[in-house]
Amino acid sequence: MKKNTNIFNTLIRDRKIEIKRSDLFDHAPGPINTDSIFDRVEGMMIGLAIGDALGNTTESRLPGRRFKSHGEIRDYLPNHYAGPIWAFVDEKDRNAYNRNVPTVEACNSWYSGAFLLETVPCALYILMKHGYDPKEAIVRAVNDTRDNDTIAAIVGAAVGALHGKEKLPKRWVDNLLGRTSFDDDGRVFELLKEAKIRWFSG
């Protein structure tokens, strides 16, 4: 425990983590009642789902406009779609693909925001149309969607897994800061190197 405390204090001193030191960190938490652990885990997961579900129908609206339309939201609002996500994706993506709809038009038709029923169909549609070309798939995700960083990250991960690092544009790889926080340039590459040594070296 002392070693962890020393590491923690060094990280704070060297400003590697942004946190204010207090005596909270000097006292180990008491024992956990094992009977309540699952209840807390379940509460965390359901609480996350509730927060997302309460907010998703009015996501991206300014608070004043949201309040003007709905008052203070304290219960679920009707959603424009009810049903399993696979059925929504199957219907929307298949229809757009069969009509050869451009990605920007297709993604805008279901808004392409940061809501599961918008993000997933967009990412999959872009992969259906451009998955053979990693560069174009990522470019379409960045330029043809509203929540473009999320959708482009999903598309980038998918085409990276499908085609490998060597098929990603070299200039993008070379100019990637690879941060995990605001001032650790290159950390992503260090983590990948460590992971390769630990799990993929024979």
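Predicted model, so just to flag it, every value in this text is computed and none were measured. (Residues numbered from 1 in each chain as written. Predicted model: local features only at pLDDT ≥ 70, side-chain atom pairs only at ≥ 80, totals over all residues. Heavy atoms only, no water.)

Undergrad: Would you take a moment to explain the environment of His130 for this structure?
TA: In this structure, His130 sits in helix 6 (residues 116–130). Given a relative accessible area of 14%, His130 falls into the buried group. A sequence separation of 27 residues divides His130 from Thr103, and the C-alpha atoms of the two residues are 9.3 Å apart. Once residues within four sequence positions are removed from consideration, His130 is found in contact with Thr103, Glu136, Ala137 and Arg140. (Helix = DSSP H or I, 4+ residues; strand = E, 2+ residues; numbered from the N terminus. Buried < 20%, exposed > 50% of the residue type's maximum accessible area, 1.4 Å probe, protein only. Contact = heavy atoms within 4.5 Å.)

Undergrad: Where do I start with helix 8 (residues 148–163) in this structure?
TA: Residues that lie three or four places apart on an α-helix share one face, since the helix turns once every 3.6 residues. Here helix 8 is 16 residues long and its end C-alpha atoms lie 21 Å apart, about the 22 Å a rise of 1.5 Å per residue gives. Listed in full, the buried residues belonging to helix 8 are Ile151, Ala152, Val155, Gly156 and Val159. Along helix 8, the residues classed as buried sweep out an arc of 135 degrees about the axis, all on the same side. Residues of helix 8 that are exposed and angled more than 90 degrees away from the buried face: Asp149 and Ala161. Here the buried face of helix 8 lies against helix 6 and helix 7 (134–144). Looking at the residues trailing helix 8, positive phi occurs at Gly164, about 90 degrees. (Expected span 1.5 Å × (residues − 1). Arc of directions from axis to C-beta.)

Undergrad: What's the story with helix 4 (residues 85–98) in this structure? I'm lost.
TA: In this model, helix 4 (14 residues) spans 19 Å end to end at C-alpha, consistent with the 20 Å of a helix rising 1.5 Å per residue. Asn100 lies just past helix 4 and shows a positive phi near 55 degrees.

Undergrad: I'm lost on the side chain of Arg140 in this one. Help?
TA: Assignment of secondary structure puts Arg140 in helix 7. Separated by 2.7 Å, the side chains of Arg140 and Glu136 make a polar contact. Other than its neighbours up to four places away in sequence, Arg140 contacts Thr103, Ile126, His130 and Thr145. (Polar contact = N/O pair within 3.5 Å; in protein donor to acceptor, adjacent residues only side chain to side chain.)

Undergrad: So what exactly am I meant to see when it comes to the layout of surface pockets here?
TA: Unoccupied space between atoms shows up once a probe the size of one water molecule is rolled over them. By volume, the largest pocket amounts to about 680 Å³. Along the walls of the largest pocket sit 18 residues, with Leu168, Val173, Leu176, Phe189 and Leu192 positioned nearest its centre. The leading source of residues in the lining of the largest pocket is helix 10 (residues 187–200), at seven residues. Of the residues contributing to the lining of the largest pocket, the split by class is 13 nonpolar, two polar and three charged. (1 Å grid on protein atoms, 1.4 Å probe; cavity = no way out; pocket = protein on both sides within 12 Å on 5 of 7 lines; lining within 4 Å. Points joined across faces, edges and corners; volume = space filled by probe spheres on them. Nonpolar A, V, L, I, M, F, W, Y, C, P; charged D, E, K, R; others polar.)

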